[in-house]
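Residue-level structural notes
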Amino acid sequence: MLKSVWTSWRPVFTVAEMTLRQTVMDSFIIFTVLVQPLLIAVMALWMLRDKGSDIAVFVVVGSGMTGLWSSLLFVCGNSINVERWSGTLETLVGLPTPLEVIVFGKNLANVFQSLVSMVASYMLAAFLFGYPLHLAQPLLFGVSLVLTVLAFISFGLIVAPIFVMNPSVQQWQNAMEFPVYILSGFLFPIALLPGWTTPLSYLLPPYWAARALHATSSGGGSLQEVLFAWGMLLLFSLIDLLIASRLFKLMLVKARIDATLNME
Amino acid sequence: MQKLSVNLRLFWQGTLLSYIALFAWLRPVAYAASKIVMPLAQILFFTFLGTYATGRGNASFYIIGNSVQIAAVSGIYGVTMSIGGDRWNGTLPYLFGTPANRLVMFIGRAFIHVIDGMLGVIIGFVWGVLLLGLDLSHTNLPALGLTILVTTFSTSGLGLLMGCLSLITLNVMFINNAVYFALLILSGANIPVDTLPGWLRLLSQGLPLTRGIAAARALIAGASLSDVAPLLLGELVIGLVYVLLGYRMFRWFEHQAKQRGSLETV
């Protein structure tokens, strides 16, 4: 049983390991997953310092989530294009392992790497700013984190083929970073936003991830609320995986028909 | 007279061609995304974060700070890419092979980015007025325009210096991104400069934008041009210092590259 599980997941873990080895010293990725979230954490801790020490864990989680989203947008979003630029996409498509499994492994590495930003923000808040930090519900927080990783990987599986098939959408990549920080309530409650934006927040998996992580880290939410956020994360992960499966098929069929697998 | 005319032509052609080359790949949609939507999103994010921290009454502090800080998009990224583009596109050896006036050539790389940066700041203010209720009724608009010009110039001065770094390092985008975010923290765009620790306050005074943002806030609160003249003069001097530092580095790089035969090294 264990062997069969390992065999089916082995390509995912192998790709994740290879991706981590390739990207661990990449300066763009270091900036995206480490430096930028840290700078945002410094700014937010400074700006929100009058709100008391309870805000520190909220900022740590929120700034870490900015790193997760930026990584999803810029790194996972380009996970297919990167192979195209380095001339390895044709080989990957020709493998018996489905391309979406390979991209899943790449996204797993990228999202895992992004979690470093949360750890770094935690250390910054604890050591540089001297805030007493503790997780209100560590077990529930851990589960929320696992579901967040799954939701981000699944969302990344949609973004990558969309960017490949629609270069005009990718031109909006830079403009998509801050809107999701805003709509997902990473660093301030979405109640501050106009009411008409709330349904948009509900459609974003990062919003449910932020709700679950903020509620379990600061203890501000009931168990029912946390369970509901988990349910939404699972639902979105499932929907995203189904959509991604269709998108990958569509992308590969289109690339084969147009003979554009190695072209922009 | 003929020398002046040649230098003016060189300045204009260099300015125009480097800008066209940089944005040759850019479609109107991508321009709109980076010049209209991205600044709006950044202004909204920091304004909401700021009002969450200090209350809705302080929204204008963050709107003005972040609108002026948009100058760094063109001033830092645009100018750096214009200077670095010559290295990546292989045109640097040809440039260094010409007898053209280096200062004219160097400053020409930033000229249109100053105009483009001003447009970005104006777009930021328009968003502030239309969406966030920024009140400009007490503002001396020509003086605000001058403030935007001087601030964009000084930020582009820093961009020229950063651009020279792109001639000697492969990781200039990492440095650019870090400088861009550092400006968000240290320029007073989001955190009042007088609340920073002493050494950061000192650093802040050596950066572009700090005085420009303070001048813009004062003008929007009803100050006159003469009230903010010392701030603007300081901002101008900071910009000139960065331009001169950048130019010295540019000449040093040319000298080193020619001596070591590393002109075409990428």
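No experiment lies behind these values; they were computed from the predicted model shown. (Residues numbered from 1 in each chain as written. Chains lettered and ligands numbered in written order. Predicted model: local features only at pLDDT ≥ 70, side-chain atom pairs only at ≥ 80, totals over all residues. Heavy atoms only, no water.)

Okay, the overall build of chain A next. Of the regular secondary structure elements, chain A holds twelve helices and zero strands. Helices and strands in chain A line up, N terminus first, as α-α-α-α-α-α-α-α-α-α-α-α. Compactness check: chain A gives a C-alpha radius of gyration of 19 Å against a globular reference of 18 Å for 264 residues, within 12% of the reference. Seen through its C-alpha atoms, chain A measures out along the principal axes to roughly 60 × 45 × 35 Å. Contacts spanning at least 24 positions in sequence make up 80% of the contacts within chain A whose residues lie at least 6 apart. Accessible surface, chain A as shown: approximately 12000 Å² in total, 71% of it carbon and sulfur. For chain A, the centre of its 12 positive side-chain charges and the centre of its 12 negative side-chain charges are spaced 7 Å apart. (Helix = DSSP H or I, 4+ residues; strand = E, 2+ residues; numbered from the N terminus. Rg over C-alpha atoms; globule rule 2.2 N^0.38 Å. Contact = heavy atoms within 4.5 Å. Areas by Shrake-Rupley, 256 points an atom, 1.4 Å probe, with all protein chains shown as cover. Lys, Arg positive; Asp, Glu negative; His and termini not counted. Charge placed at Lys NZ, Arg CZ, Asp CG, Glu CD.)

As a further point, take the overall build of chain B. A count of helical and extended segments in chain B gives eleven helices and zero strands. The order of helices and strands in chain B, counted from the N terminus, is α-α-α-α-α-α-α-α-α-α-α. Taken over the C-alpha trace, chain B has a radius of gyration of 19 Å; the compact-globule value for 266 residues is 18 Å, and the two agree within 12%. Oriented by its inertia axes, the alpha-carbon framework of chain B measures out at about 60 × 40 × 40 Å. Taken across its 266 residues, chain B has 55% of its residues classed as buried. A sequence separation of at least 24 residues applies to 80% of the contacts in chain B between residues at least 6 apart. Counting only carbon and sulfur atoms, one obtains 70% of the accessible surface of chain B, whose full area is about 11600 Å². Chain B carries 15 positive and 8 negative side-chain charges, and their two centres are separated by 9 Å. (Buried < 20%, exposed > 50% of the residue type's maximum accessible area, 1.4 Å probe, protein only.)

So, about the interface of chain A and chain B. Facing the 31 residues of chain A at the interface are 30 residues of chain B. Regarding the contact of chain A and chain B, the summed buried area is about 3000 Å², with carbon and sulfur atoms giving 83% of it. The largest contributions to the chain A side of the interface with chain B come from A:Met43, A:Met47 and A:Phe178, which together make up 23% of the buried area. Linking chain A with chain B are zero salt bridges. In this structure, the connection of chain A to chain B is made through two residue pairs in polar contact (both at pLDDT 80 or more). Going through the elements one at a time, helix H2 (27–47), helix H3 (55–76) and helix H9 (177–183) of chain A are the ones with two or more residues in the side of chain A that touches chain B. (Buried area = accessible area lost by both parts, 1.4 Å probe. Salt bridge = Lys/Arg side-chain N within 4 Å of Asp/Glu carboxyl O. Polar contact = N/O pair within 3.5 Å; in protein donor to acceptor, adjacent residues only side chain to side chain.)

Take the confidence of the model for chain A next. Looking at chain A as a whole, its pLDDT mean stands at 89, while 97% of the residues score no less than 70. For chain A, per-element mean pLDDT is lowest for helix H8 (residues 167–170) of chain A, which scores 79, and highest for helix H10 (residues 198–202) of chain A, which scores 96. (pLDDT = per-residue confidence, 0-100.)

Close approach of charged atoms lets side chains of opposite charge pair. All names here are of chain B. A full pass over the atoms with the stated rule returns six salt bridges over all chains. When the shortest N-O distance is used, the salt bridge between aspartate 116 and lysine 35 registers 3.4 Å. Separated by 81 residues along the polypeptide, aspartate 116 in helix H6 (residues 102–132) and lysine 35 in helix H2 (residues 28–54) bring together distant segments of the chain. Among the ionic pairs, arginine 251 bridges to glutamate 254, the shortest N-O distance being 3.4 Å. In this pair, arginine 251 and glutamate 254 are both assigned in helix H11 (residues 225–260), three residues apart and thus about one turn of the helix distant. Here glutamate 254 falls in the buried class, since its relative accessible area comes to 5%. Taken together, the salt bridges that share partners define one network made up of Arg102, Arg251 and Glu254.

All names here are of chain B. One can find serine 154 in helix H7 (residues 141–165). For serine 154, a relative accessible area of 0% puts it in the buried group. A polar atom in the side chain of serine 154 sits 2.9 Å from the backbone oxygen of threonine 151. Here serine 154 is in contact with Pro208, Leu209, Glu235 and Gly239, once residues within four sequence places are set aside.

Residues and elements named next belong to chain B. In this fold, serine 34 is placed in helix H2. Overall, serine 34 belongs to the partly exposed group, its relative accessible area being 21%. Spatially, the C-alpha atoms of serine 34 and valine 73 are 8.7 Å apart, while their sequence positions differ by 39 residues.

Another point: unusual backbone geometry. Of note, the phi angle at B:Leu209 is positive, near 85 degrees, even though the residue is not glycine. Among the secondary structure elements, B:Leu209 is positioned in the loop between helix H9 (198–205) and helix H10 (210–220).

Residues and elements named next belong to chain B. On the surface, a nonpolar cluster with roughly 570 Å² of combined accessible area is contributed by Trp12, Leu16, Leu17, Ile20, Phe111 and Ile115. At the level of elements, helix H1 (2–23) and H6 are the ones that each hand at least two residues to the nonpolar patch. Ranked by the residues each element gives to the nonpolar patch, the list is headed by H1, at four residues. We classify phenylalanine 111 as partly exposed; its relative accessible area is 33%. (Patch = residues over 30% accessible without salt bridge, like charges linked within 9 Å, V, L, I, M, F, W, Y side chains within 5 Å.)

Below, the discussion takes up the packing of aromatic side chains. Applying the stated rule across the entire model yields 27 aromatic pairs over all chains. A centroid spacing of 5.0 Å and a plane angle of 75 degrees characterise the contact between B:Phe45 and B:Phe46, whose relative ring orientation is edge-to-face. Note on B:Phe45: relative accessible area 0%, which makes it buried. Accessibility expressed as a relative area gives 1% for B:Phe46, which makes it buried. Sitting over the ring of B:Tyr52, A:Lys51 keeps its end group 4.5 Å from the ring centre. One Lys or Arg, B:Arg217, reaches over the ring of B:Phe61 and ends 3.5 Å from the middle of that ring. (Phe/Tyr/Trp six-rings, centres within 6.5 Å; stacked < 30°, edge-to-face > 60°. Lys NZ or Arg CZ within 6 Å of the ring centre and 35° of its normal.)

Another aspect to go through is H2(B). Along an α-helix, a turn takes 3.6 residues, which lines up residues three or four apart on a common side. All names here are of chain B. Under the 1.5 Å per step criterion, the end-to-end length of H2 is 37 Å for 27 residues, consistent within 8% with the ideal 39 Å. A bend of about 30 degrees at valine 37 is the largest found in H2, and the proline proline 39 appears one to four places after it. With 19 of 27 residues buried, H2 lies mostly within the body of the structure. Positioned one or two residues after H2, glycine 55 has a phi angle of 105 degrees, which is positive. (Expected span 1.5 Å × (residues − 1). Bend = angle between axes of the 7 residues up to and from the residue.)

Residue position: A:Asn78 is located in the loop between H3 and helix H4 (79–85). You can call A:Asn78 buried: its relative accessible area is 11%.

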